[in-house]
Every structure is written in C-alpha cells, then in structure tokens.
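# Architecture and fold: a report
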Amino acid sequence: MQNSLPDPRRSPEQHLADESIRLRDQARVMPPGVARDRLIRMARQAETASRINAWVTSPGLRSPK
C-alpha cells in the first residue's frame, strides 16, 4: 500500500501534479464507467488545487506594507 503522507521535500504543487498524473494513468487503463469518471474528476481537482495554490502563493497577492 502506498504511503499517503506527502514527501516533505516536494512542493505542494509537485505533489498535486504527481497525484494528477497517477490518477490519469489509472483511469487510462480502466474501461469507461463510474470508477473511471471518478478518477478523472479527482485528477482535475488535483490540477485545479495546484493552480489555486500557485495563485494564492504568488507574490502579486501579498498585502501592501
């Protein structure tokens, strides 16, 4: 069984990108159906979370000093 704890050496963006790739690879070998759709949806959610995290942590969103 795969360890679900994130590797502290990887950034959150990298972790989410790797998770998205893993989920899409799993979905690719499955027949069409509910389980495959669920994996694809989870992959999209990981990609969206990565984009949101990059946006929130961007230097343009820092409060003025």
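The structure under discussion appears in the preceding block.
Scope of this entry: the structure provided in the associated data block. These numbers were taken from a predicted model, which means no experiment stands behind them.

### As for the overall build of the chain
Looking only at helices and strands, the chain features two helices and zero strands. Relative to its full complement of 65 residues, the chain shows a buried share of 12%.

### Let's talk about the pattern of salt bridges
Oppositely charged side chains can form a pair if their charged atoms are brought close together. With the rule as written, the count across this model stands at three salt bridges. Residue E19 pairs with R22 through a salt bridge whose shortest N-O separation is 2.6 Å. In this pair, E19 and R22 are both assigned in helix 1 (residues 12–28), three residues apart and thus about one turn of the helix distant. Using a relative accessible area of 29% as the deciding quantity, one classes R22 as partly exposed. One salt bridge connects D25 with R28, and the closest N-O pair in it is separated by 2.6 Å. Residue D25 and its partner R28 are located together in helix 1, separated by three residues, close to a single helical turn. On the basis of relative accessible area, R28 is assigned to the exposed category, the value being 56%.

### Some thoughts on helix 2 (residues 34–56)
The first and last C-alpha atoms of helix 2 sit 32 Å apart over 23 residues, in line with the 33 Å expected at 1.5 Å per residue. When helix 2 is considered as a whole, its buried residues turn out to be L39, A43, A46 and S50. Buried residues along helix 2 sit in contact with helix 1.

### Some remarks on a nonpolar patch on the surface
Residues I52, W55 and V56 make up a contiguous nonpolar surface patch of roughly 330 Å² in combined accessible area. By the element assignment, I52 lies in helix 2. With relative accessibility at 47%, the residue I52 sits in the partly exposed group.

### Description of helix 1
Taking 1.5 Å of rise per residue, the 17 residues of helix 1 would be expected to cover 24 Å, and the 24 Å separating its terminal C-alpha atoms lies within 8% of that figure. Regarding helix 1, the residues found buried are L16, S20, L23 and A27. Seen end-on, helix 1 carries its buried residues on one side only, within an arc spanning 70°. Across from the buried face of helix 1, at angles greater than 90 degrees, the exposed residues are I21 and R28. Each element contacted by the buried residues of helix 1 is listed here: helix 2.

Here is what the cut-offs are and how they apply
- Position numbers for residues count from 1 along each chain, tracking the sequence in the order it is written.
- Owing to the predicted nature of the model, reporting of local features is limited to residues with pLDDT of at least 70; listing and counting of side-chain atom pairs is limited to 80 or more, with chain, interface and lining totals taken over all residues.
- Water and hydrogen atoms play no part in the side-chain values, which are based on all heavy atoms of the structure.
- Secondary structure elements are taken from DSSP: a helix is a run of H or I of four residues or more, a strand is a run of E of two residues or more, and numbering for both begins at the N terminus.
- Relative accessibility decides the category of a residue: with a 1.4 Å probe and only protein chains considered, values under 20% of the type maximum give buried, values over 50% give exposed, and everything between is partly exposed.
- When a carboxyl oxygen of Asp or Glu lies within 4 Å of a side-chain nitrogen of Lys or Arg, that pair is called a salt bridge.
- Multiplying 1.5 Å by the helix residue count minus one yields the expected span of that helix.
- Whether two residues are in contact is decided by their heavy atoms: any pair within 4.5 Å suffices.
- Only residues above 30% relative accessible area that lack a salt bridge enter a patch, with like-charged residues linked at up to 9 Å and the nonpolar side chains Val, Leu, Ile, Met, Phe, Trp and Tyr linked at up to 5 Å.
- Every accessible area reported is derived by Shrake-Rupley at a probe size of 1.4 Å, with residue values counting cover from the shown protein chains alone.
- Throughout, the arc means that of the directions going from the helix axis to the C-beta atoms.

Bear in mind that shape data such as this cannot, by itself, settle questions of function.
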